[in-house]
Amino acid sequence: MRTTKTHWLACTVLVGLIPIFSRLFIWLATKDGTVEPFAPQDLIAFGLVLHISNINEMKHLVTADRSWKIVHNGASLCFIAIYGAFFCLTLIGDDIVDQHAMITCVGIIALASLFISYCLLNRISKFHSHDPKHHP
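Keep in mind that this is a model prediction, so the values were computed, not measured.

Q: Lay out the overall build of the protein with the relevant residues and their values.
A: Along its length, the protein carries four helices and zero strands. Element order for the protein, N to C, with α for helix and β for strand: α-α-α-α. Expressed as lengths along the three principal axes of its C-alpha atoms, the size of the protein is roughly 55 × 30 × 15 Å. Considering the protein as a whole, with its 136 residues, one finds that 32% of them fall into the buried category. Intrachain contacts of the protein at a sequence separation of at least 6 include 66% that bridge at least 24 residues. As presented, the protein carries roughly 8700 Å² of accessible surface, and 70% of it is formed by carbon and sulfur atoms. Both charge centroids of the protein, one from 10 positive and one from 9 negative side chains, sit 17 Å from each other.

Q: Help me get a handle on a nonpolar patch on the surface, residues and values and all.
A: The grouping of Leu9, Leu14, Phe21, Phe25, Trp27 and Leu28 at the surface amounts to a nonpolar patch, some 630 Å² of accessible area in total. According to the relative accessible area criterion, Leu14 is partly exposed, its value standing at 43%.

Q: Report on the layout of surface pockets, specifying residues and quantitative values.
A: Taken as a whole, the second largest pocket spans an internal volume of roughly 250 Å³. Along the wall of the second largest pocket there are 13 residues; nearest its centre are Glu36, Phe38, Ala39, Pro40 and Gln99. Among the elements that take part in the lining of the second largest pocket, helix H4 (residues 99-130) stands out by supplying three residues, more than any other. For the lining of the second largest pocket, the per-class residue count stands at five nonpolar, five polar and three charged.

Parameters at a glance
Residues numbered from 1 in each chain as written. Predicted model: local features only at pLDDT ≥ 70, side-chain atom pairs only at ≥ 80, totals over all residues. Heavy atoms only, no water. Helix = DSSP H or I, 4+ residues; strand = E, 2+ residues; numbered from the N terminus. Buried < 20%, exposed > 50% of the residue type's maximum accessible area, 1.4 Å probe, protein only. Contact = heavy atoms within 4.5 Å. Areas by Shrake-Rupley, 256 points an atom, 1.4 Å probe, with all protein chains shown as cover. Lys, Arg positive; Asp, Glu negative; His and termini not counted. Charge placed at Lys NZ, Arg CZ, Asp CG, Glu CD. Patch = residues over 30% accessible without salt bridge, like charges linked within 9 Å, V, L, I, M, F, W, Y side chains within 5 Å. Salt bridge = Lys/Arg side-chain N within 4 Å of Asp/Glu carboxyl O. 1 Å grid on protein atoms, 1.4 Å probe; cavity = no way out; pocket = protein on both sides within 12 Å on 5 of 7 lines; lining within 4 Å. Points joined across faces, edges and corners; volume = space filled by probe spheres on them. Nonpolar A, V, L, I, M, F, W, Y, C, P; charged D, E, K, R; others polar.

In short, shape yes, function no, at least from these values alone.
Encoded structure:
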């Protein structure tokens, strides 16, 4: 299970955080007011990476209950649609959309996505621990 969590952390969470870390480094290297330290688009990318990873994990999980897989895939698709709507809002512009409110909303949704992904990882780890193919 430790390997599964390490793999999830490295291949999903850290990859999803690349846009956030990149923006922070760019913010540190540029003049004040040029680049914002946080943007909703970066959190949207993070959430999309998490939910696309969730769908991929469910696809390869053959020992799970089919209805449980359908519920989780459906939830991930709903989150992807929500992130898509928020991304469309980022294209509208600052004069119509309250950026502070949007980054707060997207941040809360991204934290919920991280929690859901972690819970899914724990459940998948239990399936792998009972699957003889995953034991040496």
